[in-house]
Amino acid sequence: MSIYDKYFDFRIATVCDIDAIMAFIKEEWSEKHILANDREFFQWQYGNEQFGDTNTINVVLMVDKGGKIVGINGFIAYAASTEERYVSSAITVVKPDLEIPLCGVELIKRFKEIVPAKAYYSSGTNPHTMMPIGKRVFHYDTGIMQQYYMINNKFDDFKVACINHSILSEYRHTETLLRPIQNMPEAEKCFEFQKKEKGQGYKSKEFFNKRYFEHPVYQYQVYGVQNAEKQAYSGILVGREIEINQRKILRLVDYIGNLTYIGNLGTALHQLMDENSYEYIDMMVGTLPKELMSQAGFSLRELEDTNVIPTYFEPFVQQNVNIWYQKSDPDIVIFKADGDQDRPNGR
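Since the model is a prediction, treat every value here as computed from it, not as a measurement.

The rules we used
Residues numbered from 1 in each chain as written. Predicted model: local features only at pLDDT ≥ 70, side-chain atom pairs only at ≥ 80, totals over all residues. Heavy atoms only, no water. Helix = DSSP H or I, 4+ residues; strand = E, 2+ residues; numbered from the N terminus. Rg over C-alpha atoms; globule rule 2.2 N^0.38 Å. Buried < 20%, exposed > 50% of the residue type's maximum accessible area, 1.4 Å probe, protein only. Contact = heavy atoms within 4.5 Å. Areas by Shrake-Rupley, 256 points an atom, 1.4 Å probe, with all protein chains shown as cover. Lys, Arg positive; Asp, Glu negative; His and termini not counted. Charge placed at Lys NZ, Arg CZ, Asp CG, Glu CD. Pairing = 2+ DSSP bridges. 1 Å grid on protein atoms, 1.4 Å probe; cavity = no way out; pocket = protein on both sides within 12 Å on 5 of 7 lines; lining within 4 Å. Points joined across faces, edges and corners; volume = space filled by probe spheres on them. Nonpolar A, V, L, I, M, F, W, Y, C, P; charged D, E, K, R; others polar. Phe/Tyr/Trp six-rings, centres within 6.5 Å; stacked < 30°, edge-to-face > 60°. Lys NZ or Arg CZ within 6 Å of the ring centre and 35° of its normal. Salt bridge = Lys/Arg side-chain N within 4 Å of Asp/Glu carboxyl O.

Colleague: Could you give an account of the overall build of the chain, with specific residues and numbers?
Modeller: Helices and strands together make up the secondary structure of the chain, namely ten helices and 16 strands. Radius of gyration (C-alpha) of the chain: 21 Å, near the 20 Å computed for a compact globule of 347 residues. Taking the principal axes of its C-alpha atoms as reference, the chain extends roughly 65 × 40 × 35 Å. Here the chain holds 347 residues, and the buried ones make up 55% of them. In the chain, 70% of the contacts between residues at least 6 apart in sequence involve partners at least 24 apart. Entry remark: accessible area of the chain is about 15900 Å², with carbon and sulfur atoms responsible for 47%. Charged side chains in the chain number 38 positive and 47 negative. The centres of these two groups are separated by 1 Å.

Colleague: Give a detailed account of helix α9 (residues 266-276), specifying residues and quantitative values.
Modeller: Those residues of α9 that sit buried are G266, A268, L269, H270, L272 and M273. Here the buried face of α9 lies against β8 (146-151), β9 (177-181), β10 (221-226), β11 (233-244), β12 (247-257) and β13 (278-286). S277 sits one or two residues past α9 and shows a positive phi near 55 degrees.

Colleague: Describe the pairing of β8, and please don't skip the residues or the numbers.
Modeller: Taken across its six residues, β8 has six buried, putting it largely inside the fold. Where burial is concerned, the two faces of β8 agree: the one with Q146, Y148 and M150 and the one with Q147, Y149 and I151 are both buried. In terms of strand pairing, β8 meets strand β14 (residues 299-300) through two bridges, oriented antiparallel. In the strand pairing of β14, Y148 is matched with L300.

Colleague: Could you give me a rundown of empty space enclosed by the protein, with the residues and numbers involved?
Modeller: Inspection of the entire model under this criterion finds two cavities of 30 Å³ or more. Taken as a whole, the largest cavity spans an internal volume of roughly 150 Å³. Lining the largest cavity we find 16 residues, and of these W44, Q45, I76, F207 and R211 sit closest to its centre. Here the lining of the largest cavity is built from residues that sort into five nonpolar, six polar and five charged.

Colleague: Go over the packing of aromatic side chains, please, and point to the residues and values.
Modeller: Counting across every chain of the model gives 15 aromatic pairs. These aromatic residues form a ring-pair network of at least three members: F191, F193, F208, Y212, F213, Y218 and Y220. Over the ring of W44 we find K210; its NZ or CZ atom is 5.6 Å from the centre of that ring.

Colleague: Explain the pattern of salt bridges to me, and be specific about the residues and the numbers.
Modeller: When the charged atoms of two side chains lie near each other, side chains of opposite charge can form a pair. Under the defined criterion, the tally for this structure stands at 19 salt bridges. Two residues, R110 and E106, come together in a salt bridge whose shortest N-O distance is 2.7 Å. With R110 and E106 both in helix α5 (residues 103-114), this residue pair falls four residues apart, about one helical turn. Judged by its relative accessible area of 10%, E106 falls in the buried class. In this structure, the salt-bridge partner of K205 is E188, at a minimum N-O distance of 3.3 Å. On the criterion of sequence distance, the pair formed by K205 in helix α8 (residues 205-213) and E188 in helix α7 (residues 184-190) is long-range, its members being 17 residues apart. Overall, the relative accessible area of 37% leaves K205 in the partly exposed class. For E188, a relative accessible area of 38% puts it in the partly exposed group. Overlapping salt bridges, with partners in common, bring together D5, E106 and R110 in one network.

Colleague: Residue-level account of the environment of Y171, with values.
Modeller: Tracing the chain through its elements places Y171 in the loop between β8 and β9. A relative accessible area of 24% means that Y171 is categorised as partly exposed. Along the backbone, Y171 and M284 are 113 residues apart, and their C-alpha atoms lie at a distance of 19 Å. Those residues in contact with Y171 that lie beyond four places of it in its chain are G266, T267, H270, S294, Q295, A296 and G297.

As structure tokens, then:
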């Protein structure tokens with residue numbers, strides 16, 4: 001028995017713990033956090049109804065011997081079975097006044113024991129607290145998410161982005177199409193979800209349906225990536241339209257399928273941008289080769305870039321923000337919606 005077992009218990013949460021977890025988030029993290037105030041959204045994000053489990057909640061608890069919560073590790077599971085499961089951590093909070101040191105590290109160790117997975121990864125990692133732990137203790141690959149963008153040069157002024165140096169979007173012209181997908185049955189006709197793709201963690205159809213077609217707040221645009229023959233599909237692209245300052249932009253938040261086909265999307269994405277009068281389209285990823293993305297007409301926002309491509313919209317902040325990632329498998333490509341980064345702050 002370790003010193004942690006003498007003072008604490010570690011276990012997976014159940015629906016009976018939801019109120020106590022929300023109260024803990026409100027007290028120890030943020031009083032106005034959506035997960036501290038919106039029970040329906042909390043249960044949607046961490047519940048497992050999509051896998052037929054109405055009892056367990058995807059939060060590992062650290063409780064003292066009196067049963068009081070002193071730490072939580074919330075996570076997103078992309079599949080039900082351990083053999084196929086990839087996991088993204090979403091929130092890790094430990095009371096700061098615990099007398100025993102390194103409780104946060106111990107909570108993460110117990111989380112990985114209780115929730116075994118093929119790989120662990122997340123975006124939105126705190127670079128001052130969680131990232132050093134991931135890198136030094138768990139030997140995760142860490143870095144800053146790349147933010148790729150293409151601007152609509154038909155606009156003379158920009159109200160969302162701040163463009164201080166112009167970008168001419170040159171791209172490879174192809175006949176690859178983006179076909180709108182309205183529901184999960186259509187998605188299953190376009191894409192074989194059981195197929196394992198190189199460089200990607202497996203995302204089950206149950207997860208995908210819940211995440212993008214059953215979101216309680218956001219409306220996502222889901223597209224099938226159809227090849228030139230207009231028959232076979234090579235992947236599925238997910239975006240979210242954001243309207244701010246009387247302008248619209250499209251944020252691409254996820255992609256499943258053959259990653260190399262992203263380089264063929266330039267024609268289709270520019271057509272989509274023109275048809276919907278998007279000021280720009282962006283994609284945050286960790287990471288994809290600059291050469292591949294440039295084939296589709298994307299430019300990389302450099303760390304010292306004078307062009308501003310906003311990250312935060314709730315509330316809107318017109319400045320560049322670097323988002324950090326960590327992953328136990330360095331070959332996995334992470335997108336903005338992995339974990340809970342593409343999450344509303346309220347409703």
